[in-house]
Amino acid sequence: MMLAPTTLATVALTLFASVNAHMKLNTPVPYGKDTLNSSPLADTGDDFPCKQRTGVYDISEMNNIEVGVPQELSFIGSAVHGGGSCQVSVTLDKEPTKNSQWKVVHSIIGGCPSNVTGNLAEDANGNGAAVFQYSLPKGMPNGQYTLGWTWFNKVGNREMYMNCAPITVTGGGNDNSVMEKLPDMFVANIPFETCNIPENFNYQFPNPGDSVETREAADIGTSLSGNCASMTNMGAGAGALGSAGGAVATGGAASPAASAPAATSAVSTPVATSNPGGIFAPGASSAAAAPTSFTTLVVTNTAAAPAAPSSVAAPIGGTGVGTAPAASSTCVPCSNNGAVVCIGTTQFGICDYGCAMPQDLATGTTCSNGTIGKRSIVRRIPPHGIIHRRHAAQKF
């Protein structure tokens, strides 16, 4: 039967609208929000992971997550394709590649992102899909990482969807022991000709992990079609978790992430007359003598990630200046690049793109409200009486 031109046009417009109303992350806020579309991953898998594109790892908004605290998982769009099954996974890499290893923190069987029979009412910006909750396991290492949402739709073309979001984890541990016990993220349908999940089934992941919910118990499927052994293991990457604290993955395909512009902060500081032993704050001295000359300390921040520490202390707030819990060799989260960060009462750090590495303060100096100065000192000069000399804290 031949369709009338007006009918063909209506069908074409409907299909076009459906494609543009696919689902994408709303919360947590995804990377590259302005360049993220709602389409699935390419059938070839070339844009795996995270829909590789220019600006793929631009941070639109950092998602701060405390371990064990429920978080919202919500979506934008309307083409839910009858639902399906989803996973929430985390990699310790800030800018994941195909070599990155993803660990599952929550699995949703059926009804994700909605359990309607077909699609929701057409709306590319709609928020009518279901809202879920997940939490990061206690003991997960503190640091800046990447969260991934993956979805295998129940009806329609055999596809895999994946959006990624930047996260900063707090309240957790300082090693990878908890992460190592989590299952690897499941991968299929890229390309679907090689390995696919049969249509009309809510896929039951072979290893969903301990945090799992079933939103639609009907039409549960466990079978795959094709040669799936290597594809389903793609979530394991090269088999290395990466460094606690967050790092940029190395090796494999390079991601086209945009480079952050370098930022320079100049701070005038007095040069110490003596500096014996230890690590001292800029311009701080272990002696109480007055400075004899001045210089300028220039702190240059680049987009390169700082050396991966063993753990991350709790965040210190939005200004990047203040007092954080004491730490020895840990990275302290911060937000004001180039600012001095006071760490406890004996250490300081310089904020370098979200990370301040602790350094010991010089003897006789203090750090308060982002300013390093000398403590008040009382000198006694015998035997011709006692003269009090008070040195006001010298700020810079």
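I will try to describe carefully the structure that is included in this document. Just so it is clear, the model here is predicted, and its values are computed rather than measured.

1. Structural notes on the nonpolar core
Step number 1: Ranked by size, the top nonpolar core spans 31 residues in total, and within it L73, F75, V90, L136 and W149 carry the most contacts.
Step number 2: When residues of this core are traced back to their parent elements, those giving at least two are β3 (71-76), β4 (84-91), β5 (103-109), β6 (132-134), β7 (143-153) and β8 (161-170).
Step number 3: Of the residues forming this core, the biggest block, four residues, is contributed by β7.
Step number 4: In this structure, L73 is in contact with L25, T27, P28, V88, I108, A130, V131, F132, Y134 and W149, ignoring residues within four places of it in sequence.
Step number 5: Formed by 24 residues, the second largest nonpolar core is a distinct cluster that contains Y57, M162, C195 and I197.

2. With respect to the state of the cysteines
Step number 1: Applying the stated criterion across every chain yields a total of four disulfides.
Step number 2: Covalently, C50 is tied to C164 through a disulfide, its sulfur atoms 2.0 Å apart. Handedness of the C50-C164 disulfide follows from its S-S torsion of about -80°: it is left-handed. Here the residue C50 occupies a position in the loop between β1 (24-27) and β2 (63-66), and C164 occupies one in strand β8, the gap between them amounting to 114 residues. The pair formed by C50 and C164 is uniform in burial state, with each residue classed as buried.

3. Here we look at the pairing of strand β18 (residues 340-343)
Step number 1: Alternating residues of β18 divide into V340 and C342 and V341 and I343, and every residue in both groups is buried.
Step number 2: In this structure, β18 lies alongside strand β19 (residues 347-350), joined through four bridges in antiparallel fashion. The residue bridging V340 from the neighbouring strand is I350, located in β19.
Step number 3: The antiparallel hairpin formed by β18 and β19 contains three residues in its connecting segment, where G344 sits at a positive phi of about 65°.

4. Digging into the sheet that holds β5
Step number 1: Taken together, the six strands give an open sheet; going across it, the order is β2-β8-β7-β4-β5-β11, and neighbouring strands pair in mixed fashion. The sheet terminates laterally at β2 and β11 (212-214), the two strands that pair on one side only. Direction aside, the axes of adjacent strands within the sheet are offset by 25° on average.
Step number 2: In the sheet, β2 pairs with β8 via four bridges, with the strands oriented parallel. Along β8, the bridge assignment pairs N63 with I167.

5. Let's talk about the pattern of salt bridges
Step number 1: Under the definition given, this model contains four salt bridges.
Step number 2: The shortest N-O distance in the salt bridge between E213 and R215 comes to 2.9 Å.
Step number 3: Residue R215 is classed as partly exposed on the basis of its relative accessible area of 36%.
Step number 4: Sharing partners across several salt bridges, the network here consists of K154, E216 and D219.

6. Section: the sheet that holds β6
Step number 1: Pairing is antiparallel in the open sheet, where three strands are placed in the order β1-β3-β6. Only two strands of the sheet have a single neighbouring strand rather than two, namely β1 and β6. In this sheet, neighbouring strand axes are inclined to one another by 40° on average, regardless of whether the strands run parallel or antiparallel.
Step number 2: Sheet analysis places β3 next to β6, joined by three bridges and oriented antiparallel. Residue Q71 lies in a different strand from β6, and its bridge partner there is Y134.

How each quantity is defined
Residues numbered from 1 in each chain as written. Predicted model: local features only at pLDDT ≥ 70, side-chain atom pairs only at ≥ 80, totals over all residues. Heavy atoms only, no water. Core = buried A, V, L, I, M, F, W, Y, C linked by side-chain atoms within 4.5 Å. Buried < 20%, exposed > 50% of the residue type's maximum accessible area, 1.4 Å probe, protein only. Helix = DSSP H or I, 4+ residues; strand = E, 2+ residues; numbered from the N terminus. Contact = heavy atoms within 4.5 Å. Disulfide = S-S within 2.5 Å. Pairing = 2+ DSSP bridges. Axes fitted to C-alpha atoms, helices over the stretch in contact; angles between N-to-C directions. Salt bridge = Lys/Arg side-chain N within 4 Å of Asp/Glu carboxyl O.

Function cannot be inferred from these measures alone, as they are strictly geometric.
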